[in-house]
Amino acid sequence: MRNLCTALLLFATAAVTAQQKKPLTHDVYDSWRSVGERQLSNDGKFAVYAVNPQEGDGNLTIRNMATGSNIIVGRGADAQISSDSRFVSFQIKPPFKETRQARIKKKKADEMPKDSLGIALLGTDSLVKIPLVKSFKIPEKGAGWLAYLAEKPKADSSRKKLSDSLKLKIDALVKLADSVIRRSLDSVKGNIDKEQMLRAARKAAREIYRKGDDGTEEDAFADAEGDDTGTDKTKDGTDLTLKNMNSGEEKTFKLVTEYIFDKKGSRLLIETRKNSKDSTGKSYVLIHDLQRNVTDTVMKGFNDAQQFAFDEDGMQLSFVAERDSAVKALQKFYRLWYYKPGNDSATVLADRNTGGIASGFTISENGELKFSKDGKKLFFGTAAVPPVKDTNLVDFELAKLDVWTYHDDYLQPQQIKQLSKELKRSYTAVAFPEENKVVQLGTDSSETITLINEGNADFILAQSTKGNRIASQWEGRTLTAAYLINVRDRSSRTLSKKALGAFIASPMGKYIYWYDPAQEHYFTYNIATGAVRNISEKIKAPLYNTENDVPDFPASAGTTGWTKDDRFFLVNDEYDIWRTDPDGVNMPVNLTNGYGRKNKINFDYIKTDKDKRFFEPGEKILLRSLGKTDKHTGFWSLKIDETANPVMLRSGPFSLSAPVKAKDADAYLFTKGSISSSELFSSPDLISAVQLTDVSMQQKDYNWLTAELMHWKMFDGKMSEALLFKPENFDPNKKYPVIFYFYERNSNTLFNYRSPAPSASTINIPYFVSNGYIVCDPDIYYKTGEPGESAYNSVVSAAKYLSKMPWVDSTRMAIQGQSWGGYQVAYLVSRTNIFRAAGAGAPVSNMTSAYGGMRWGTGVNREFQYEKGQSRIGATLWQRPDLYIKNSPLFSADKINTPLLLMHNDADGAVPWYQSIELFTAMRRLGKKVWMLQYNGEDHNLVERKNRKDLSVRLSQFFDYWLKDAKPAEWIKSGVPATQKGINWGLKTEE
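Just so it is clear, the model here is predicted, and its values are computed rather than measured.

Further remarks concern the overall build of the protein chain. In terms of regular secondary structure, the protein chain is built from 17 helices and 55 strands. Of all 991 residues assigned to the protein chain, the portion counted as buried reaches 48%. Of the roughly 47,900 Å² of accessible surface on the protein chain, a fraction of 50% belongs to carbon and sulfur atoms.

This part is about helix α11 (residues 820–829). Structurally, the α-helix is built with 3.6 residues per turn, so residues lying three or four positions apart point the same way. Where burial is concerned, most of α11 is hidden: 10 out of the 10 residues are buried. All of the buried residues in α11 are Trp820, Gly821, Gly822, Tyr823, Gln824, Val825, Ala826, Tyr827, Leu828 and Val829.

Okay, a nonpolar patch on the surface next. There is a patch of nonpolar side chains on the surface, built from Val976, Trp985 and Leu987 and spanning about 250 Å² of accessible area. Structurally, Leu987 can be placed in the segment after α17 (970–973).

Here we take up the pattern of salt bridges. On inspection of all chains with the given rule, the structure shows 50 salt bridges. Salt-bridge contacts for Glu250 lead to Lys243; the nearest nitrogen and oxygen are separated by 3.2 Å. For Glu250, a relative accessible area of 46% translates into the label partly exposed. Here Glu454 makes a salt bridge to Lys373, at a shortest N to O gap of 3.4 Å. Highlighted residues: Glu454 in the loop between β25 (448–451) and β26 (459–464) and Lys373 in the loop between β21 (370–371) and β22 (378–384), separated in sequence by 81 residues. The class of Glu454 is partly exposed, set by a relative accessible area of 29%. For Lys373, a relative accessible area of 36% gives the class partly exposed. A cluster of three or more residues bridged by salt bridges with shared partners is formed by Glu140, Asp609, Lys610, Asp611 and Lys663.

This next bit is on the sheet that holds strand β39 (residues 633–639). Through backbone hydrogen bonds, the strands of a sheet pair up, either in parallel or in antiparallel fashion. Spatially, 4 strands are ordered β37-β38-β39-β40 in an open sheet, and the strand pairing comes out antiparallel. On the outer flanks of this sheet lie β37 (601–605) and β40 (647–652), each paired with one strand and no other. The sheet shows a mean angle of 25° between the axes of neighbouring strands, direction not considered. Two elements, β37 and strand β38 (residues 620–627), share 5 bridges in a ladder whose sense is antiparallel. Looking at the pairing, Ile601 lines up with Gly627 of β38.

The subject of this paragraph is the environment of Val73. Mapped onto the elements, Val73 comes out in strand β4 (residues 70–74). Ignoring sequence-local partners within four residues, the contact set of Val73 consists of Gly58, Asn59, Leu60, Ile62, Phe90, Ile92 and Leu127.

This part covers the packing of helix α10 (residues 787–803) against α11. One can describe the packing of α10 onto α11 by two numbers: an axis separation of 9 Å at closest approach and a directional angle of 80°. One element, α10, and the other, α11, form an angle in the roughly perpendicular class. In contact with Pro787, Gly788, Glu789, Ala791, Tyr792, Val795 and Val796 of α10, α11 contributes Trp820, Tyr823, Gln824, Tyr827 and Leu828. For the contact of α10 with α11, a count of residues per class yields 9 nonpolar, 2 polar and 1 charged.

As summarised here, the arrangement of the 4 strands in space is β5-β6-β7-β8, forming an open sheet in which the pairing is antiparallel. Sheet topology places β5 (76–81) and β8 (127–130) at the edges, where each strand pairs with a single neighbour. Mean inter-strand twist for the sheet, computed between neighbouring axes without regard to direction, equals 20°. With 6 bridges joining them, strand β6 (residues 87–92) and strand β7 (residues 116–121) adopt antiparallel strand pairing.

Turning next to helix α16 (residues 945–964). In this model α16 runs 27 Å from its N-terminal to its C-terminal C-alpha over 20 residues, within 8% of the 28 Å that 1.5 Å per residue would give. Residue Asp965 follows α16 closely and has a positive phi angle near 60°.

Another aspect to go through is the pairing of strand β14 (residues 284–289). Counted residue by residue, β14 has 5 buried out of 6 residues, so it is predominantly covered. Pairing between strand β13 (residues 267–272) and β14: 6 bridges, direction antiparallel. Bridging across to β14, Leu269 finds its partner in Ile287. In this antiparallel pair of consecutive strands, β14 and strand β15 (residues 294–300), the connection spans 4 residues, and Asn293 shows a positive phi of 55°.

Per the counting criterion, the structure on display carries 37 aromatic pairs. Residues Tyr515 and Tyr522 carry aromatic rings whose centres are separated by 4.9 Å and whose planes lie at 55° to one another, so their mutual orientation is tilted. In this structure, Tyr515 and Tyr522 share a single accessibility class: buried. Each ring, one from Tyr961 and one from Trp962, has its centre 4.8 Å from the other, and the planes form 65°; the classification is edge-to-face.

A separate point is the side chain of Glu679. Tracing the backbone shows Glu679 in strand β44 (residues 677–683). In this structure, Glu679 is buried with no salt-bridge partner, the nearest side chain bearing the opposite charge being Arg33 at 7.7 Å. A polar atom in the side chain of Glu679 sits 3.4 Å from the backbone nitrogen of Asp694. Setting aside its immediate chain neighbours within four residues, Glu679 contacts Phe670, Thr671, Lys672, Gln691, Thr693, Asp694, Val695 and Ser696.

Scored by pLDDT, the protein chain comes out at a mean of 91, with 90% of its residues at no less than 70. Here residues 4–13 is a poorly scored stretch, pLDDT under 50, and it has 0 contacts once near neighbours within four places are set aside; other chains count. Across residues 208–234 the pLDDT falls below 50, and counting only partners more than four positions away or on other chains, this stretch makes 42 contacts in the model.

What follows concerns the side chain of Ser871. In this structure, Ser871 sits in the loop between α13 (863–867) and α14 (881–886). Excluding anything up to four places from it in sequence, Ser871 contacts Pro787, Trp820, Gln865 and Tyr866.

Pairing between strand β11 (residues 238–244) and strand β12 (residues 250–261): 5 bridges, direction antiparallel. Among the inter-strand pairings, Leu242 is bridged to a residue of β12, identified as Lys251. Hairpin geometry of β11 and β12 is characterised by an intervening segment of 5 residues between the two adjacent antiparallel strands and by a positive phi of about 85° at Gly248. Here β12 pairs with β13 via 5 bridges, running antiparallel. Following the sheet pairing, Val256 is matched in β13 by Thr272. Between β12 and β13, which follow one another and run antiparallel, lie 5 residues, and Gly265 among them has a positive phi close to 70°.

Let's shift gears to unusual backbone geometry. The phi angle of most residues is negative, glycine excepted, and most peptide bonds adopt the trans form. For Leu686, which is not glycine, the phi dihedral falls at a positive 65°. By the element assignment, Leu686 lies in the loop between β44 and β45 (690–691).

Criteria and thresholds
- Residues numbered from 1 in each chain as written.
- Predicted model: local features only at pLDDT ≥ 70, side-chain atom pairs only at ≥ 80, totals over all residues.
- Heavy atoms only, no water.
- Helix = DSSP H or I, 4+ residues; strand = E, 2+ residues; numbered from the N terminus.
- Buried < 20%, exposed > 50% of the residue type's maximum accessible area, 1.4 Å probe, protein only.
- Areas by Shrake-Rupley, 256 points an atom, 1.4 Å probe, with all protein chains shown as cover.
- Patch = residues over 30% accessible without salt bridge, like charges linked within 9 Å, V, L, I, M, F, W, Y side chains within 5 Å.
- Salt bridge = Lys/Arg side-chain N within 4 Å of Asp/Glu carboxyl O.
- Pairing = 2+ DSSP bridges.
- Axes fitted to C-alpha atoms, helices over the stretch in contact; angles between N-to-C directions.
- Contact = heavy atoms within 4.5 Å.
- Parallel < 35°, antiparallel > 145°, perpendicular 65-115°, else oblique.
- Nonpolar A, V, L, I, M, F, W, Y, C, P; charged D, E, K, R; others polar.
- Expected span 1.5 Å × (residues − 1).
- Phe/Tyr/Trp six-rings, centres within 6.5 Å; stacked < 30°, edge-to-face > 60°.
- Lys, Arg positive; Asp, Glu negative; His and termini not counted.
- Polar contact = N/O pair within 3.5 Å; in protein donor to acceptor, adjacent residues only side chain to side chain.
- pLDDT = per-residue confidence, 0-100.

What follows is the structure, given as structure tokens:
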């Protein structure tokens, strides 16, 4: 009895406390904090993590895991822990207020507040801060070194200025020269560029005062007409400091623009540029030997050098450089350079005249350089020599147009979107440094090259979609041709001419594998024998997403990886993991023993070591689980060479992030979340755990939200799920307004934490629930040809079910969604009147006009989306025009009686904004209540935070007006005339 009384008292106290909490406001967004970057030292003894507000100054915490002591660095970010776990280096951002003020004052980039560098010795209280640091680097695997590049010093304000009298003399001279020469040129007959001659004359006049000057006044005249041919000043270098973290010794290099450690930290590459004001200076590529403390000159006197690459041991260096042309030359030819210790300087490994380079090709400055793991090969890029631009043509006399043809691989808009990439496209070639041999591998019909066994293999994998691209317009996918190409003689084997999937090499390069979505199985090609095998045909469980509901092949359930020496290949079904024989001889084995399917738990492998290529015999791997029924997540371990139930480490009603693991120790960091918290934890074994953060304390004074699963029967008789969010101070005796937000299916996110944040396009659920709304997010199940009615079946049935609850005001329900969700909102208000208000962001309103239109963000035609993708029509417009019309809300605009708020931005790259204009103008003509928010220059979802904040306010004003009888804001009642734009945004409400 006493326990019952105590429990009732605690419940009553909690209820009273919840009643007293205040609702969230739009003012909380900027200061709302969350856990950001996190990492562990390799020995697992130190954790470094950040807690940052959405806007403002965050903190970087350095935690001693043994003692629990912390060093907290204000505004710390982008931390890097040395491989020997001795120190951590990081940026220290300028105070947010200083940066904001500088932006208000429209400071130039070089006048903005700059970062500092922080260095903390782990296990001590030592913390060093170095101001004005542009960047820093430490070796990936080597220890004891740090290099950092200083910001460019500010201009010396003490330098003498031009006197007023000198300025007047110069102006008078320039005007006189201009006048005299212009009169002279007017009398000249013939085809001459008079403006060019005038510019030359003006420049000559200024040069009179430039002669003999000490340089302090030179900047006042430099490049006044934009025709100075000097060095690019933006590439002037600054001081690079190399610090020995063991001895504390430092070494400074001047005029540095680029620097790179080799992977093992034995050498530091340094690129310097000549001072732009020193006509006799030279640019240098240097290598500093960190062990011998000796600097060698690799190259001097070049215009540009790029793509620096060391081999695995730091003993070989390669890069591309151009050193022969003028700064503004119309054609520049790069060469491939090679250097190793003992050489006097870098030597040319290849250029456009080298045997093996295709005729008409040259070395590409855009192609990535990469040594094979064994250092015997160097892969680089080549490109066709671009045509020289005809400088005799006058731009304003040239026609400007795009020519579309039916046989183009890609439509013109997609070609234009890909133009920069195509102009920089390079084709892989390989050099053998010790053999003076070069082989061209990639061509325009084998443009995508993948190295096998880290480049050590005798073959590379080449793939191309050329010749198969036109059908992607309606298929949404491109068939792939795949080849194995010998790196020495370019002989090739064809793997496929038209495959539905991508081809991947096994880690050791013994097999090529792929998933065929049409056959729903995995296949391998044995490189040694040429045999092709279906390795999963004996697995009876489906290896694909059985909930696929678009009219296209379902995606595969994924793979887990390979065991050592390519012995076994692990593939997934919806729940479990299978071990397959890549030669298809041995029967597949269910490694998880069917435990996943039996318990409706999905298992996925978590890779905690980015360098790991395969599993060792007897190794335990880490899995993350998701319960399909209860939505619980967990961590489990599994031994890859045994058939057994996975071992649960932790699982429950929460969400878990993929853990970060220390490289050389059993130590982990992960976030554990629920609707009420999201905190960072440390653990030695993923069983026991210590909480490191307490960011959820920020919501203790606010009326928060709860989340639960709602189950109901849809109109078609099938059961469905929804996320149901209620206020923390929920009172079952009250009646609440309800907003239904939806997209497709979100019920698996039941235990996700949701932060109050300004909206990019959709309602912020914590804000609305905290302010007295119930929010329901129903899963939607689709039938081909019936996307609109499928939404009706799911959403309206949920609304009917929920309206029977005594705590729901069925007369005050609304719907809101964005993009595909926005389309469904627009369709629903043309189909039913049960909602009192609706918000649709970027909806398609007319499928007949959208079908043949463009996704301008990618330049891709939209046909595939209707025939194979999310819009789920499953037929062409001319095959089933009835389905396109039936599913388009525009054709039922006269039936819309629900007040509708549209948001569609004029730079939307996914859904053309005329789709909302069509619906808006139709509803306006019909006298329907409709508003549209058009954020200038914004894309599909809002990017600018100021616009997100604005939308958040308007969404709350709109739904408060219709569902809570709040007074209308001016923009709702009267709109915002263009004459008031930038003056009055109409956000005020009536007094």
